Each structure stands twice: as structure tokens, then as C-alpha cells.
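Fold and contact review
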Amino acid sequence: MTLRLDTVAAQEPALRLSAGAILAQEPQTGAVNLQLDASADQLDVAVAGRVCRAIAGDLAPIRTAFDVARAGLLVDPAYSAVFIRDQSGWRPKTMKATGHLSGGRVRIAAINAEVDNAAGDIVYKDEQADFRNLSGRFEGAAFEDLDLTLNWAGRASLSIRSSSIDVQATPFFNWLTGFEELTGVRQYISAMRGRASVSTLTINGPLTAPGEWDMDVTASPQDLILSTPRAPFEIKLTGGEIVYRPSGTQSSNVEMGFRDASFVVSHHLSGIADPQALSCKIDGSMGPGAIAWVSSAAPIPALLQIKPPVVLSDINLNWSRPSGISLTGNLKTGGGAALFVDVAHASDELNIRKLQFSDGTSNATISARKKNASVTIAFSGSVERPSVDRLLKTNQLLTGSIAGDFKARIQMDAPLTSTFEGRLEGGGLHFPDLINVPISVGRFSINGHGHQFDIQPSEISLADSRLRVDGTMALQDRALDFDINVDSGPLDVEWIQTLWTSETTSLPEDQSRAAPAIVPSGTIHLNTESLSYRGFTWSPVAADIRVDADSARITVNRARLCGISTTGTVNITPEGIGLDINPTAEEASLQKTYE
């Protein structure tokens, strides 16, 4: 039996359509089926929903379809369905609806998404809805040429493809990070504003689980402002291209700015919510504010911070867990010094692998490594003060010049274990924080080979004490052999004790001391203006100090205490201290001196 209605019209609701029905029996099974179809020139979505329910009944597929398509106008809508009848009654076998939607409202409740002013072609068949060439607005995003597929068969799934989306960042970011699976992003990006142009968007995955979506997004930021809890400033991005995938992000030629810094950046980041590795290529400049933040974050010691502003070129920045951060590239300081830098920083180590510069005045290559209390420094070339003034923000290191080719290892908690190989000469060197007192070297000349080096007459200041030093030192196995001449200004014995290695500190009674790292053996020829100890001052003093593995012998050749000559020897051994002093008074009373 066939029924055809050429025109069905109504004023309320506005309705004009053609419809037909065929009731037939399948020859093989004898089952009765009903085929329905309807079409119209145009139809309001809400009316279409009521018509479908009137024709087919209040079926779940129809409710689902019109729960997604909420409002708008359907142009050239068509509906067809086949129902079969069995013992339980009529049930749908297949169902299809098509049309062009304009001025529509599409809602995807599972992801709290609603599209306004939607326009595009719709095909709904059984448990799948396809939107083709769709345009509209969604959570601050205006899009065109978007294809959307919703499939409710089994686990509901979502598929989106588009090549033209203009995104207002704030509402879109708030919507995206509202999903529980993506809240971790806010640990690194707390807020966004501005806009971005998306040229590629592909999303596939379970409808209700955004954390499982396979996403591929290519976008160009347009004055996009990021706030992050990891830095006390906003970051501005514009231009270039950014690609997002669940495994990470990458970018090319994006302009980035923060504080007084401006860069063109390309990057690759592995991991989003839990970053694992980052590589960046950077060109740009940094002013005083940006340099101060980088120096505190790295951290870079104050005396090594470079003079702002800094121009950067071919900078490669790499970070990974747990390796830390590394940087290579070219810099030009505000003072005009151009240099190449290769530096790395981990949790317990700062490694300046190479710092090279040549400015017409100086030509040098430097490397340095600090790990715990150990510092290694290598130097080749010559450096003049004007070059360091142009290089560093505040030049505290050099007021003269240095030249040479050497490598030194300095153990800050045990200075006697330090080594030096090569040659170095010059003057005006200053180390304010090398040990617990500042060190200044007025002039110096050192030649080292293996574990032995010669000190030509050199002038050193330790805090307020001035020393003129020359002689030889050699370190083999654990033995330090030396023969040193020291001429100095006033010295204080108790102050000298504070500079001694940590090996001389006392240990708990139940803990034995390990064997000393160095066994000293040598002679110090000391001439000093005065020597003070616990309220007594000898002036002047000339002595030969012989140091052996577990003893010391001090031969006092000249020493005057309150006008009394106190020459003699002092022997220091594990058993105690032995004194052999010969006080001699010339035109002075020993009794009065004692009193």
C-alpha cells in the first residue's frame, strides 16, 4: 500500500511539506515494514523535530538528533525512515535526515559546547550526525569550513576538521581547561587573552573524554597574552606558527616578548601537562629587567651577569628532566662586547663550557665549572679591563689585565687540594666570594706543569692582609711539597686558622677522622710586619716554618714582643708543643714587659 501527500500545509506552526508512506511485506520473512519520507523547501528546526516525532514517534534517535540541532532554519530538508513490525510493535530499522542549516544553534551537551549562528549541511543517519562546511561561533571561536561528526554507536565519538578558525583566547582557554583531564595545563599557563588564527584543526576521540582526544592544531597567535605561575610577568606572542599535539607543541618564527625582552622564537616541547623536554631557537634582545629575571632563575652569580641590553643571535636553548638547562649562541652586550656562549646548568652544577670573545682589545676563550664546592677554570688568551667593563654589568673581577693559557681546579672547602697547569700572568684580579674572605691579586706570574708550579713574585691581598709570594709547589699522590717565600703586612694567627681546610675542624668523640687528603711537606720563609695571637703582637717577625706529615717546626729568626727579642724554635707534634725560646732584652726590663 502506497500513500502520497503532495502538499501538507499549516499556518501554526508554519509548515509546508510533501510526504509519502509505503506499507509492504517482505517476501522472504513476511515481516511488515513501513517506509516514510518527507521533504520541504524550508523548515524551522523546532518544527522539524515535532514533525519527525509526529510521523515516527518519540524515538531515542530523533530525540538525540534534535537535542544536538536546537534551533535554526533548515533549507531543502528531507527525511526518510524504514520501520519494521515485530512482536513488540513498530521499531526503526534505518533513519536519515538531510538539509542545509542556517542561523542555527547546535549543542553538544557531553562537552558543554554550544555553537551559535551555525550554518552548513547536515546529514543525520541512524546513530551518526555529520555537519559539513559548517560555520558559526563557539566559546569565542568563529569558524568556517568545519566538518563535524558525532557518532553514538558504542562509545560516543567526536571528529572535527577545519581550516579557518578565529579564536578569542580567554573564553576558549577557560572552556578547554574546564575539563578535569586538562586542568593540569594551568600549572604552566594560568590565563590567556588576545586571539589566534587557526589554519588546521583536527580532533578525533571519545566524545566525553577530551583528555583522550587526538588533536592536531596549527595556529598563528595575534597579540596573544599568556600568564604563568612560573614567572612574575606576562608573555606576549604574535605571528609565526604554533603546532599543538597531545605529545607536545612546536613553533616557528613566533615573536615573543616579556618585560623588556623581545625575541623571534622557534621551539619544540615534549609533554604538555607534564613537560619533559624543551628545545628553542632564539633571536632577539633583552633589557635589564629580563636579564635580572634570567640571572635569578638560572641562577647566574652576580659578578658574572652581563651588561644590558643584550642582543642574542642563533641562541639554542635546551631543557630536559633531569639533565637541566643548556644554552649556546652569540651575544652582544650593551657595552659592545660580542661573545659566543656555551653554558649548562643542572640542580647542583653550573658549567660554562665555552665563553669566547674578541673585541680588538682582548681575545680569549674561557671555560668554568662549579659543582658543589669544586670550581674548574680554563683560560687561553688575553683580557684587558676595558673588555670586561664592556662585557659585565658590574666589573668586580678585573681592574688590570691577564694573559696566559692555563687550567685550574679550586676546591673551595679545601683550598690546599687545588691544582694549576699552564701559565698565567697579569694583575688586578679580584675574587670577592671565592672563599670566606675576599681575595685580590695585585700582580702575579704563575707557571704550572702537571702537579708542580712556580710562583714568580706576586702580590696578594686576603681581606686586609697584604702578601708578597714567590716559590714552588708540587703535589704528588697526597703529598704537597713546597718552598715558599712570604712577605706580608700584619697577620693574625686566629684569622689564618679560619682559612684552613675543613679537615682541621673537630669531630665527635665517637667518630674517627679520615686520612688527610693532602700530606704537606715543605718550608715557608715568612717575613711579616707583625704577628698577633690572643692579644700578643710580635713585630717584626722572620721565621722559617717547616711542615711535615704530622709535625711542624717553626724556627723564629727574628721576633720582638714589647721590645723583647723572642727567637728560638717551636715544635708541634701529635704529642704536644715544645718550645725553645730565647728571650733577650736590650735596655729593657723583662719584669716590666711581663707585667
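Report follows, based on the coordinates. The shown structure was predicted, so the numbers you read here are calculated from the model rather than taken from an experiment.

Next up on the list: the nonpolar core. Residues Phe-263, Val-383 and Ile-402 are the most contacted members of the largest nonpolar core, which totals 67 residues. Once residues within four sequence positions are removed from consideration, Phe-263 is found in contact with Val-254, Glu-255, Met-256, Phe-258, Ile-282, Asp-283, Gly-284, Ser-285, Met-286 and Leu-312.

Turning our attention to the packing of aromatic side chains. Tallied over the full model, the rule gives 12 aromatic pairs. For the pair Phe-233 and Phe-258, a centre-to-centre distance of 4.6 Å together with 10° between the ring planes defines the contact as stacked. Of this pair, Phe-233 sits in the loop between strand 13 (214-227) and strand 14 (234-238) while Phe-258 sits in strand 16 (residues 248-258); the two residues are 25 residues apart in sequence, bridging distant segments of the chain. Side by side, Phe-233 and Phe-258 carry an identical accessibility label, which is buried. Ring centres of Phe-258 and Trp-293 lie 6.0 Å apart, and the angle between their planes is 75°; on these two criteria the pair is classed as edge-to-face.

The grouping of Ile-572, Ile-577, Leu-579 and Ile-581 at the surface amounts to a nonpolar patch, some 380 Å² of accessible area in total. A total of three residues in the nonpolar patch trace back to one element, the largest contributor, which is strand 37 (residues 576-585). Positionally, Ile-577 belongs in strand 37. For Ile-577, a relative accessible area of 61% translates into the label exposed.

Moving on, we get to the pairing of strand 20 (residues 324-332). As defined by bridge partners, strand 19 (residues 310-320) adjoins strand 20 across eight bridges and the pair is classed as antiparallel. Residue pairing across strands places Leu-312 opposite Leu-331, the latter belonging to strand 20. Counting the residues that bridge the hairpin from strand 19 to strand 20 gives three residues. With eight bridges connecting them, strand 20 and strand 21 (residues 338-346) associate as antiparallel partners. Bridged to Asn-330 within strand 21 is Phe-340. Counting the residues in the hairpin turn of strand 20 and strand 21 gives five residues, including Gly-336, whose phi is positive at 95°.

Positionally, Ala-169 belongs in helix 3 (residues 169-176). A relative accessible area of 6% means that Ala-169 is categorised as buried.

So, about the environment of Leu-269. By the secondary structure assignment, Leu-269 is in strand 17 (residues 261-270). Under the relative-accessibility criterion, Leu-269 is labelled buried at 17%. Taking the C-alpha atoms as reference points, Leu-269 and Ser-279, separated by 10 residues in sequence, lie 6.6 Å from one another. Setting aside residues up to four positions removed in sequence, Leu-269 forms contacts with Ser-247, Gly-248, Thr-249, Pro-275, Ala-277 and Leu-278.

This part takes up helix 4 (residues 288-297). Looking at helix 4, one finds that the buried residues are Ala-290, Ile-291 and Ser-295. An end-on view of helix 4 places all buried positions within 135° of arc, on one side of the element. Among the exposed residues of helix 4, those pointing more than 90 degrees away from its buried face are Ser-296 and Ala-297. Buried residues along helix 4 sit against strand 16, strand 17, strand 18 (277-286) and strand 19.

Let us now look at the pattern of salt bridges. Under the definition given, this model contains 19 salt bridges. Here Arg-193 and Glu-234 are joined by a salt bridge, their closest N and O atoms 2.7 Å apart. Placement of Arg-193 in strand 12 (residues 191-206) and of Glu-234 in strand 14 is noted, with a sequence separation of 41 residues between them. The residue Arg-353 makes a salt bridge to Asp-342 at a minimum N-O spacing of 2.9 Å.

Following the sequence through the fold, His-267 ends up in strand 17. A distance of 2.8 Å separates polar atoms of two side chains, one belonging to His-267 and the other to Thr-249. A distance of 2.5 Å separates polar atoms of two side chains, one belonging to His-267 and the other to Ser-251. Other than its neighbours up to four places away in sequence, His-267 contacts Thr-249, Gln-250, Ser-251, Leu-278, Ser-279 and Cys-280.

Reading the values: the criteria
- Counting of residues starts from 1 at the beginning of each chain's written sequence and follows it residue by residue.
- It should be noted that, the model being predicted, local features are given only for residues of pLDDT at least 70 and side-chain atom pairs only at 80 or more, the latter also being counted only at that level, while totals for whole chains, interfaces and linings use all residues.
- To obtain the side-chain values, all non-hydrogen atoms of the structure were included, while hydrogens and water were left out.
- As used in this record, nonpolar core signifies buried Ala, Val, Leu, Ile, Met, Phe, Trp, Tyr and Cys residues forming a set joined through side-chain atoms within 4.5 Å.
- In this scheme, a residue with accessible area under 20% of its type's maximum is buried, one over 50% is exposed, and one in between is partly exposed, where area comes from a 1.4 Å probe on protein chains only.
- Any two residues whose heavy atoms approach within 4.5 Å at even a single point are treated as in contact.
- Stacked, tilted and edge-to-face are the three classes assigned to paired rings of Phe, Tyr and Trp, where Trp is represented by its six-membered ring and a pair needs centres within 6.5 Å; plane angles under 30 degrees give stacked, over 60 edge-to-face, the rest tilted.
- Helix numbers and strand numbers start at the N terminus; a helix is a DSSP run of H or I with at least 4 residues, a strand a run of E with at least 2.
- Like charges are joined within 9 Å and nonpolar side chains (Val, Leu, Ile, Met, Phe, Trp, Tyr) within 5 Å, but only among residues with over 30% relative accessible area and no salt bridge; these make up the patches.
- The Shrake-Rupley method, run with a 1.4 Å probe sphere, supplies the accessible areas, and residue values consider only the shown protein chains as cover.
- Salt bridge criterion: a side-chain nitrogen from Lys or Arg within 4 Å of a carboxyl oxygen from Asp or Glu.
- Here the rule is simple: two strands pair whenever DSSP picks up at least two bridges between them.
- Taking the helix axis as origin, the arc is that swept by the directions to the C-beta atoms.
- Polar contacts, as counted here, are pairs of nitrogen or oxygen atoms within 3.5 Å of one another; within protein the pair requires one atom able to donate a hydrogen and one able to accept it, and residues that are adjacent in sequence qualify only if both atoms are side-chain atoms.

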